[in-house]
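# Architecture and fold: a report
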Amino acid sequence: MGKHRILSPSMLSADFGNLERDTRLVDESAAEWVHIDVMDGVFVPNISFGFPVLKAIRQATRKFLDVHLMITRPMRYAERFVRAGSDLVTIHFEAVDDPAAALREIRGLGVKSGISIKPATPVSVLEGLLEYADVVLLMSVEPGFGGQSYIEGSTRKIMELRRMTDAAGTSTLIEVDGGINASNAGEVFRAGADVVVAGYAVFGADDPAGEILKILNA
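### Details of the sheet that holds strand 7 (residues 173-177)
Spatially, the eight strands line up as an open sheet ordered 1-8-7-6-5-4-3-2, and their pairing is parallel. For this open sheet the edge positions go to strand 1 (6-9) and strand 2 (33-39), each flanked by a neighbour on one side alone. Going from strand to strand, the sheet's axes swing by 25° on average, the running direction of each strand aside. Bridge count for strand 5 (residues 112-117) against strand 6 (residues 135-139) is four bridges, and the pairing is parallel. Within strand 6, the position partnered with Gly114 by the bridge is Val135. Across the face of the sheet, helix 8 (residues 208-216) comes into contact with strand 1 and strand 8 (195-198) while running at roughly 140° to strand 1.

### Points about the pairing of strand 8
Here strand 8 shows no split at all, with Val195 and Val197 on one side and Val196 and Ala198 on the other all buried. Relative to strand 8, strand 1 runs parallel, the two sharing four bridges. In the strand pairing of strand 8, Ser8 is matched with Val197. In the sheet, strand 7 pairs with strand 8 via three bridges, with the strands oriented parallel. Bridge pairing in strand 8 links Val176 to Val196. Where the polypeptide runs from strand 7 across helix 6 (residues 185-191) and back to strand 8, its parallel neighbour, the crossover connection is right-handed.

### Here's the deal with helix 4 (residues 99-108)
Within helix 4, burial applies to Pro99, Ala100, Ala102, Leu103 and Ile106. Buried positions in helix 4, seen along its axis, are confined to an arc of 165° and lie on one side of it. Of the surrounding elements, those touching the buried residues of helix 4 are strand 4 (88-92) and strand 5. Positive phi shows up at Gly110, right after helix 4, with a value of about 90°.

### Notes on the side chain of Thr23
Checked against the element boundaries, Thr23 lands in helix 1 (residues 19-27). Apart from residues lying up to four places away in sequence, Thr23 is in contact with Met11, Ile57, Ala60 and Thr61.

### Let's talk about the pairing of strand 3 (residues 64-70)
Buried residues dominate strand 3, accounting for six of its seven residues. Pairing analysis gives seven bridges linking strand 2 to strand 3, with the strands arranged parallel. Bridge pairing in strand 3 links His35 to Asp66. Tracing the backbone out of strand 2, into helix 2 (residues 51-60) and back to the parallel element strand 3 gives a crossover that is right-handed. Of the strand pairs in this sheet, strand 3 and strand 4 are connected by three bridges, and their pairing is parallel. Along strand 4, the bridge assignment pairs Asp66 with Leu88. What joins strand 3 to strand 4 is helix 3 (residues 78-83), and the crossover it makes is right-handed.

Calculation criteria
- Residues numbered from 1 in each chain as written.
- Predicted model: local features only at pLDDT ≥ 70, side-chain atom pairs only at ≥ 80, totals over all residues.
- Heavy atoms only, no water.
- Pairing = 2+ DSSP bridges.
- Helix = DSSP H or I, 4+ residues; strand = E, 2+ residues; numbered from the N terminus.
- Axes fitted to C-alpha atoms, helices over the stretch in contact; angles between N-to-C directions.
- Contact = heavy atoms within 4.5 Å.
- Buried < 20%, exposed > 50% of the residue type's maximum accessible area, 1.4 Å probe, protein only.
- Right-handed = clockwise from strand over helix to strand, strands pointing away.
- Arc of directions from axis to C-beta.

Okay, here's the thing in structure tokens:
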């Protein structure tokens, strides 16, 4: 199977009425990360989790909490997200004036730093930032809503980013989020992704734990 593969199920697709149950399901599965989408209704046209929900998820799992801030002015809140239990705080390139400084500040809080780009943003904007980023999150759908289809052309961006990280000699992980399921995860991993996010594909399945294995082994 080659290099190590990580799956980060997106809690945006969990059953909010049974959030502890669904978090524990992930905790007992082969998924190593738990993906938390934070949306403010400004940077993206939707609103999702805040600090209380993140804290509740933190209490229900020992897994690595992968927190994706789809919000304007994310550095106002970075420290609070760390206090609430984040292991990785990912900000959007499009949401900060000085991405390198923001990434350094996140690392200074004692957690992993991540930077994300929307589908229309070219991978080339990440030149010079890889040394500050533990993770680059490529969006393979328009951020804001779950259940969308994988955007064709995303695979090419993953391959381009893999070439960039190899050339830079960094250990930056490539994470991909949007429309990923057991039928296309293999393509995404083979293109160079280390981590894939899957929401509806996991929580919409009859056997979520089994589906997690199918995605990882695709």
